Structures are given as C-alpha cells and as structure tokens.
Amino acid sequence: MSESKYLGVTPPISLNPSSAEEEAISLELLAALEAEGQFESVDESRNREVVLGKIDKLVKEFVYKASLKHRMSESLARSCGGKIFAFGSFRLGVHNTGADIDTLCVAPSHVTREDFFTIMVDLLKGRSEVDELTPVPSAYVPVIKMRFGGVEIDLTFASLQQPTIPDELELLDTAILRNLDEFSIRSVNGSRVTDEILRLVPNVTSFRLALRCIKLWAKRRAIYSNSMGFFGGVAWAMLVARVCQLYPNACAGSIVAGFFRVYVKWPWPKPVMLKMIENGTMHLRVWNPWIYPADKAHKMPIITPAYPSMCSTHNVSMSTKRIIESEFKRGEEITTKILQGEAKWTELFEKSDFFRRYRYYLQVNVMSTDVESHNLLHGFVESRLRQYIIKLESTGLVVVACPYVKSYDHEYACKSDEDLERIRQGQLPTTPTASDTPDPTTVVDKGSEPKQDDGSSSPVAGTEKKAFTSAFYVGLLLDKEIGRNSNGKRRLDISGPTHDFIGLVTGWDTWSNEGMAISISFLRQSQLPDEVFDGLPRDRVPSTLKNGSAKSKKRREQGKEDGASATDRSAKKAKVAMAVVPSTSGVAVVVAEPAAKTDDVEKEKDAEDVPKPNVVATGFAAIAAPVPPPPKQAGIKLKLL
C-alpha cells in the first residue's frame, strides 16, 4: 500500500471480502471463460516464447546492421546489443488463444527510426515464418505489424540515449526518457505503463480474471479498438485496475459487476486515473486539460500511470462515446441479473448486433493489386478512418457514425480488365468469385482457409490479375429533423467529409493511382453483403440510441400527407434505377437501387428518414492526379426520398 494506506487517488468504496455466493459466481465466470477458449494451451504458450526469442535475436541483428551502416567497426557494432520487451496483454498475463503480442525494440542512440522501417523490415521480409508484414510509420505510435510463426506481433521502436543496450536493461527508471523524441517516449511508455498497472492493483489474480472477462466482452461487443475510436487493451486494463482499487478484497466476479456499476455512472470527461499525475523533473508534457486545449477536448480520458502521463483514449469521438456508454448500460443490466441468479455469463458475451442496429451504412472499400501494397494501404486507412467519422459528425446531419472494428478482406483473381475495373470502383461480387486456375483457390480471406470453386471453367493459367480488397463499415444514425423540407423529404449532403477523406487517402505518399483504388458506398441495411451477418438473421433490432426530438414525429406525419403514394414512390425508384449522375467535382454519384415492391415501400413509410439510392463516391482514385477540394456549390448530395 502507499503512504495513504490505499492504492489509487481515492479511498476504496468497500473493503469487505466477497461472499460465498460471489465466490461461486467467480468460479462460474472462470468456467465460462475456459469454454470460450480464453486460455491458451501449453504448446501455444511455448510457441510464443520461441517466437519472442527469435525476434530478440533478430533485433540484435538489426542493431548490428544499422551500426555498420553508420560506419562502426564490426566488433563495435556487435557490442551495441539491442533488446526486446513484451508488454500489453502478454505482459499482464491475460492473453488468450490467437492474441497478438505487443513488443518494443530498444536500440542505442545512433540507430534511427528510419533504420527500423528499412533495415528491420528487410530482415523480416527475409524470414519464411513472417507474413502479413505491414509497417505503419505514420501511426500515433509507429509500428510494424506482422504474423511471426503463427503469432500476431506489433513491434514498436525506441532509440535510447546510450551507446549500447545490455540484456539486463530495465525501463522503470525515468532517467531513460531523457532527450528522447515524442515517438520514442510513447513507445517506451507502453512497457512502463504495463509494469506500473501490475504494481498498482491490490490483487493480481482477481485483476487478471476480471480483465479477461472485460476484454472478451469488449471484443464481442465490437468496442475493442483504439484506432477506430474505442478503447484499446491498455485502456480496458486501467479501467479494471481502478475498480480493483475501489474493491481491493473482492473476487473477480464482484470486480466485473462493480466495473459496470462504476462506469455506467462515471461523470465523463472526469479522467480515470490509477494514481496522481507526476510532473517529473524533465519538463516533459503530461496530460493537463487546464493547460492544453487538445487534452481538454478528450471525451473519455483514461490516464496512464507512468511518467509522463498521457491519455490512452484520445481517439474517442462523440459517436464512439455514445456506443461505449450504451454497452456499459447493457453490461450493468446483465451483471445485475447474474448476481441475482437470473442470467448466465454467456449473455454478457453475446456478439454485437452492429450490422442489425442501423438503417444506413457507409462502406469504405480499398483495393490494391499486390498484397504488400495492400497491407500498407489497409493499415493507413484503418488509422485514419476516425478522421472521417469526426468530419461526418461535424456536418450536424449525423447523430452517430459508428465504425466497425474489423474489416472484411478478400483476394480476387480477375478474369479480365473489366472485372478488375469493377472491383476498383467498389463493385464487389455478392459472393466472391474469381477465375479458375489449376490451383482451385478463388478467394482467400485473411485468417481463414481458402474457399474452393467448382472448377467449371479453366482459362489459361497466369492470365488472371489479382485484386486485394478490404471493406470497412460505418453505421449511421441520422438526425430526424435536419435537412427535411416542407414536403417532408430530406437531403443528406456528406460530400465535404467524403471528398476530404478520399483526398487524405489518395494524398498519402505511398498511394499509387495505377495499383490502388478507394470507393465509398452509402448502403441501406438490406443492401449489406451476407458475409457481415455470419449466418445470423438480417432482421434489424430496435436501437437504444435517440436520433432526434419529439417534433420529428409530427413533421414525418406531415411529410406523409404531402408526399407521394407508395405506388408513385415505387415507380419513381424504378425510373432512376442504375442512373449515373456526374458531378462537377470529379466524383460520380451512382444510383443503384432496384425497384422496390409495394410491400417493401409500405414497411418504409413510417421510417424517420429513408434514403432510397445507394450512392457510391469514387473518382479521386480513378484519375491520374488528386482532384482539389470541391467548391462549396458542388459535391455529392444524397436525396432521401
């Protein structure tokens, strides 16, 4: 315990030990997590140790080669050392089957980040056990993502201000931060924060079991992703650690229930902290909303305990905040029932209803003609998608723009240039297809077994062209009132955010007009591809999110009185089906809505906002040079009929 006799910034809520009933519930939680495969086998654990050992040797080889590049003698280069540190869920002891390992490559002062993203990447390319290699040097914490020996690895980099890196080096001493750049400080703090979290929890055993539960829940509910604007692993760990401080003698089941009780009522943006923020002696910037406007803008701040303290949740947007809060509420309701014996832990772990929750979606498709370029493009778009979300929110038309935390990835073998061009424009097959070759593989999903076709046709081997695609999804909840005219019809204009985001992607220094493409489609829920439902029903579920005031109902009724009949609307949709409307901004608006049946129209009549067209925004990627931002009078205007 600290000098104040307790861990944390406030006294505990309760010092009482858990009851026999709560201990029994914890045993049920342990059994549920085991049934969910949250504990890896002995063989998997050994493989992780082997992989980390190989990476450690590779880091030393990297430092050696980088030292030679900087004109050191061979003997001196060999003595420079280098070390790898594991942190995150692996270091916390809560990793499960298939989980990635967060690692840090520490090098001496003369080795640069540029060396890391060139020499180290080249070394990894030469290893047969490495695949899905994706360097992301532009990330908030620059990282190399890869799969090494079947284990997903996130490798970050820090260059310390010392000539050698011995094997016995530790990172706890804040003196190692002296004269480091901002990127190295962020990287080093990943390891320092993990060790500090373990030091600040009163019962590590209860903490680990409770954190396993929360991590599984967050992943199933699709709110586990720092890059997409939700919480990452370290943020969830700090939230659980804080509850452990508030209930220091509680068992894991009680900690989980307390987790939801605490955070469903948390007064954001009040920060969650495990200890008071240290100012330190190095004059490094620490999180301080009273001094820094950017820190004041953080919506759900969770502050790291290691100096210099930072906000681990700076990516949270208004939309993702609303989603996280709604999931806290759901979790609190379920865990209350579990404690009362009225529910099971499996209810808490039910999969997200993301693709059944919203009426409208944006589909962001990116495509490349070779796998290495696509891995780079995928990482870049994933790290920048939240900027599109923020700009959509700023229009005032979108109440919630919620990204899905994973992409849907495919590899296509195209029979012709026309097939390739359709994919470039975002027109992906409903069921992925490809040319038939002596190798029957037609579509390869990342992390899955190849799918087989029927071999009914066989063009000449080697004539097909490859296309690698990734589809990201954003669920939209639109404001009921804004944009509606006197006839009750609505117009949604998201041309500004769409142009800006496409321009951001195509302005990336690695972008290739010939080998890459991006398209953005506006879809109704019924137009989503089958793969996103994973065999589950398509039926929409009632949303718990509000999207307008009570005045909207009166306006919708007035709109229905003044609007056309269901038959007229159906005829109008048939007339505009598959029409292509060019715009002066270099972006095409493609209306691709099949004529609706009368029954379908009747079902939609009472909807608060019904955009009939499916709109695809393309253009930047289809021309030789980036198009400048469109004038205010031009752009994509989606008319919601």
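If you're wondering where the values come from, they're calculated on a predicted model, not measured in any experiment.

Within the secondary structure, S407 sits in the loop between strand 9 (398–403) and strand 10 (408–414). Given the relative accessible area of 10%, S407 is considered buried. At a separation of 2.7 Å, a polar atom in the side chain of S407 contacts the side chain of H378. Within the structure, the side chain of S407 is placed 2.9 Å from the side chain of D409, a separation counted as a polar contact. In this structure, S407 is in contact with H378, S470, A471 and F472, ignoring residues within four places of it in sequence.

Side-chain direction in a regular strand flips from residue to residue, so the side chains alternate between the two faces of the sheet. Burial runs high along strand 1 (residues 83–87): 4 of the 5 residues are buried. In this structure, strand 1 lies alongside strand 2 (residues 101–107), joined through 5 bridges in antiparallel fashion. From the neighbouring strand, A86 faces strand 2, where its bridge partner is T103.

Pairing is mixed across the open sheet formed by 5 strands, whose spatial order is 1-2-5-4-3. In this open sheet, the two strands that pair with only one neighbour each are strand 1 and strand 3 (130–136). On average, each strand axis in the sheet is inclined to that of its neighbour by 25 degrees, with strand direction left out of account. Packing of helix 2 (residues 42–69) onto the sheet brings it into contact with strand 1, strand 2, strand 4 (143–148) and strand 5 (151–159), and relative to strand 2 it is tilted by some 25 degrees. Set on the sheet, helix 5 (residues 113–125) makes contact with strand 2, strand 3, strand 4 and strand 5; between it and strand 4 the angle comes to about 15 degrees.

Within the largest apolar cluster, 108 residues are counted, with the highest numbers of intra-cluster contacts made by F207, W217, W236, F259 and F328. At 10 residues, the largest contribution of residues to this core is made by helix 8 (residues 233–246). With residues near it in sequence (within four places) discarded, W217 still touches I223, W236, F259, F260, E327, F328, R330, L348 and F349.

With that out of the way, let us pick up helix 8. Look at helix 8: 20 Å from first C-alpha to last across 14 residues, which is about the 20 Å you get at 1.5 Å a residue. Extensive coverage of helix 8 is indicated by the burial of 12 of its 14 residues. Three or more residues of helix 8 are buried, namely A235, W236, A237, M238, L239, V240, A241, R242, V243, C244, Q245 and L246.

What follows concerns the UniProt feature "binding site: Mg(2+) 1" (unreviewed entry) in the protein. Residues annotated by UniProt as "binding site: Mg(2+) 1" (unreviewed entry) correspond here to D100 and D102. Residues contacting D100, with those up to four places away along its chain left out, are R48, S89, E152 and D154. As for its placement among the helices and strands, D102 is situated in strand 2. Leave out the neighbours within four places in its chain, and D102 touches F85, A86, F87, G88, S89 and D154.

So, on to the confidence of the model for the protein. Where the model shows low pLDDT, its predicted coordinates should not be examined in detail. Of the residues in the protein, 78% reach a pLDDT of 70 or more, and the chain-wide mean stands at 81. For residues 431–461, every residue scores under 50 in pLDDT, and the model assigns this stretch 52 contacts once sequence neighbours within four places are set aside. Across residues 549–641, confidence stays below pLDDT 50; counting only partners more than four residues off in sequence or on other chains, it has 167 contacts.

Once that is clear, we can look at the packing of helix 8 against helix 9 (residues 252–263). Direction vectors running N to C along helix 8 and helix 9 enclose 100 degrees, while the axes themselves pass 9 Å from each other. If you check the angle between helix 8 and helix 9, you find them roughly perpendicular. Across the interface between the two elements, W236, L239, V240, R242, V243, C244 and L246 from helix 8 touch I255, G258, F259, V262 and Y263 from helix 9. Taken together, the residues that form the contact of helix 8 with helix 9 break down as 10 nonpolar, 1 polar and 1 charged.

Definitions and limits used
- Residues numbered from 1 in each chain as written.
- Predicted model: local features only at pLDDT ≥ 70, side-chain atom pairs only at ≥ 80, totals over all residues.
- Heavy atoms only, no water.
- Helix = DSSP H or I, 4+ residues; strand = E, 2+ residues; numbered from the N terminus.
- Buried < 20%, exposed > 50% of the residue type's maximum accessible area, 1.4 Å probe, protein only.
- Polar contact = N/O pair within 3.5 Å; in protein donor to acceptor, adjacent residues only side chain to side chain.
- Contact = heavy atoms within 4.5 Å.
- Pairing = 2+ DSSP bridges.
- Axes fitted to C-alpha atoms, helices over the stretch in contact; angles between N-to-C directions.
- Core = buried A, V, L, I, M, F, W, Y, C linked by side-chain atoms within 4.5 Å.
- Expected span 1.5 Å × (residues − 1).
- UniProt positions renumbered as here; feature names shortened; annotations may be inferred.
- pLDDT = per-residue confidence, 0-100.
- Parallel < 35°, antiparallel > 145°, perpendicular 65-115°, else oblique.
- Nonpolar A, V, L, I, M, F, W, Y, C, P; charged D, E, K, R; others polar.

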